[in-house]
Amino acid sequence: MSRVFIVILTAVSLYGVDYMKFEDKAIQNSPDIASAKLQSDAAEIRGEIALRYLNPEIEAEISGFSPDSGNREEGWRFGLSQPFRVLGLQDDLKSYADSLNLLAKAEYEKSLEWFRAALRRRYTDYVMAVQTKRLLKEEITLSKRLESIAKERFTSGGGTKAALLQASLELIGARNRLIEAEREITSRYYTLLSFAGLDRTPRLDAEFIYGVREPEKVDGGIKSPDLALAESRQRLLSAEAETKSRRLKSYTLFTEIENEPDQSIGRVGIALDIPLFNRSNQEYRLAEIRAKQAALFVKRVETSQRFRLKSLLRELDILEKKYAALKEQRSRERELLALFEEGYRMAQSSLLDLIRTKNALIETNRSILQTRYLVNLYKIEIEYLKGNKR
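Remember, it's a predicted structure, so these values are computed and weren't measured experimentally.

So, how was this worked out
Residues numbered from 1 in each chain as written. Predicted model: local features only at pLDDT ≥ 70, side-chain atom pairs only at ≥ 80, totals over all residues. Heavy atoms only, no water. Patch = residues over 30% accessible without salt bridge, like charges linked within 9 Å, V, L, I, M, F, W, Y side chains within 5 Å. Areas by Shrake-Rupley, 256 points an atom, 1.4 Å probe, with all protein chains shown as cover. Salt bridge = Lys/Arg side-chain N within 4 Å of Asp/Glu carboxyl O. Helix = DSSP H or I, 4+ residues; strand = E, 2+ residues; numbered from the N terminus. Buried < 20%, exposed > 50% of the residue type's maximum accessible area, 1.4 Å probe, protein only. Expected span 1.5 Å × (residues − 1). Contact = heavy atoms within 4.5 Å.

### Section: a nonpolar patch on the surface
Here is step 1 of the chain: The grouping of Tyr 53, Phe 84, Leu 253, Val 268, Ile 270, Leu 272 and Ile 274 at the surface amounts to a nonpolar patch, some 700 Å² of accessible area in total.
Here is step 2 of the chain: Sort the elements by how many residues they give to the nonpolar patch and strand S4 (residues 263-272) lands first, with 3 residues.
Here is step 3 of the chain: With respect to the helices and strands, Ile 274 occurs in the loop between S4 and helix H7 (281-345).

Okay, here's the thing in structure tokens:
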């Protein structure tokens, strides 16, 4: 089974696909994104329903007249009535329908950008696992070199068997960690594909999306999908409250023609509700309360995410400085390792010094990789908070 995984991951590394192409394909095929798009279409229909007028009503009637003396005669009546909204209500409903559409679009954007960020985080986890494997291969190369030097010393009589075994154990330990790294790569690779929802297994590149030293713009403020969604909900609730603020919402215009045996009658009139008990007052107050709560929620989201963005930008600056310091440290450790290798060959340094320096170099490489990993996670979140789509 492990050989199968190794073959798969080797193929991935040899024929990698650019991540952005993979991301575009995942978005196109995501059922969640497609569902969010349908929800947006449904909101547009709900807006049309809100603007829809009531149908006219038709009344028709036939009457029979039977006087005490004389022949029976017949008459008829025909009536037509049409409800109309009071002046200004149609504009309020149009604002409500527009707010419905904006909310649906904001929900779609939230789903899309959340999916994009979550996919990038999973891809970054996968890249971290692959890069860890690369570091372990470098460690194995160093350990082989160390074992070779120890073997030369032992063969020439200048070293001990214990030193050779110690060097061999360093190599064995690195190889064991490499096996675990391959398992971790496999796990994260299929976790990524499962989340992407694709029906095939693309062969991906394994490079971080963002570089450490890429300049990060600090202007623009918070424009996250979360904030846009909260603002859209506030607008919708405010528009809903406005539609409920009117005591009188509609009136009915009617016309009627009546034909009796001895006369014909035409009528035109208006019928309207008498808001005697303020029947919509409570609904308006509740809607107004919900709108105020939504406004407070917008403020809370904006404040929370603004401080989060500031924190991420400052931490990012610290990581960039740490990255530069670690690279300088790695350069010095490589020089020291070369000196200790030469010294050990000439019996001027100990194997312990060589192992310590080798392990310090490996640990520095791990810290550099961890820094790159954190930088990418931070930048994914920063792009989300700033509303950048790239």
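So that's the structure; there's more coming.
### A look at the pattern of salt bridges
Here is step 1 of the chain: Applying the stated rule across the entire model yields 23 salt bridges.
Here is step 2 of the chain: With a closest N to O distance of 2.6 Å, Glu 23 and Arg 120 form a salt bridge. Of this pair, Glu 23 sits in helix H2 (residues 19-29) while Arg 120 is found in helix H4 (residues 89-155), placing the two residues 97 residues apart along the sequence.
Here is step 3 of the chain: A relative accessible area of 4% places Arg 120 in the buried class.
Here is step 4 of the chain: A salt bridge links Arg 366 to Glu 139; the shortest N-O distance between them is 3.3 Å. Residue Arg 366 is found in helix H8 (residues 351-386), and its partner Glu 139 is found in helix H4; the two are separated by 227 residues along the sequence.
Here is step 5 of the chain: Residue Arg 366 is classed as partly exposed on the basis of its relative accessible area, which comes to 31%.
Here is step 6 of the chain: Exposure remark for Glu 139: the relative accessible area of 3% places this residue in the buried category.
Here is step 7 of the chain: Counted as one network, the salt bridges with shared partners bring together Glu 59, Glu 61, Arg 77, Glu 256, Glu 258 and Arg 267.

### As for helix H6 (residues 225-243)
Here is step 1 of the chain: Compared with the 27 Å implied by 1.5 Å per residue over 19 residues, the 27 Å span of H6 between its first and last C-alpha is a close match.
Here is step 2 of the chain: Within the sequence span of H6, burial applies to Pro 225, Leu 227, Leu 229, Ala 230, Ser 232, Leu 236, Leu 237, Ala 239, Glu 240, Ala 241 and Thr 243.
Here is step 3 of the chain: For H6, the elements touching its buried residues are H4, H7 and H8.

### Topic: the environment of Leu 146
Here is step 1 of the chain: Examined against the element boundaries, Leu 146 turns out to sit in helix H4.
Here is step 2 of the chain: Residues Leu 146 and Leu 272 lie 126 residues apart in sequence; the distance between their C-alpha atoms is 97 Å.

### A short note on the environment of Asp 92
Here is step 1 of the chain: One can find Asp 92 in helix H4.
Here is step 2 of the chain: Assessed through its relative accessible area of 12%, Asp 92 is described here as buried.
Here is step 3 of the chain: Sequence separation between Asp 92 and Glu 240 is 148 residues; the distance between their C-alpha atoms is 8.3 Å.
Here is step 4 of the chain: If we skip the residues at most four places from it in the chain, Asp 92 touches Glu 242, Thr 243 and Arg 246.

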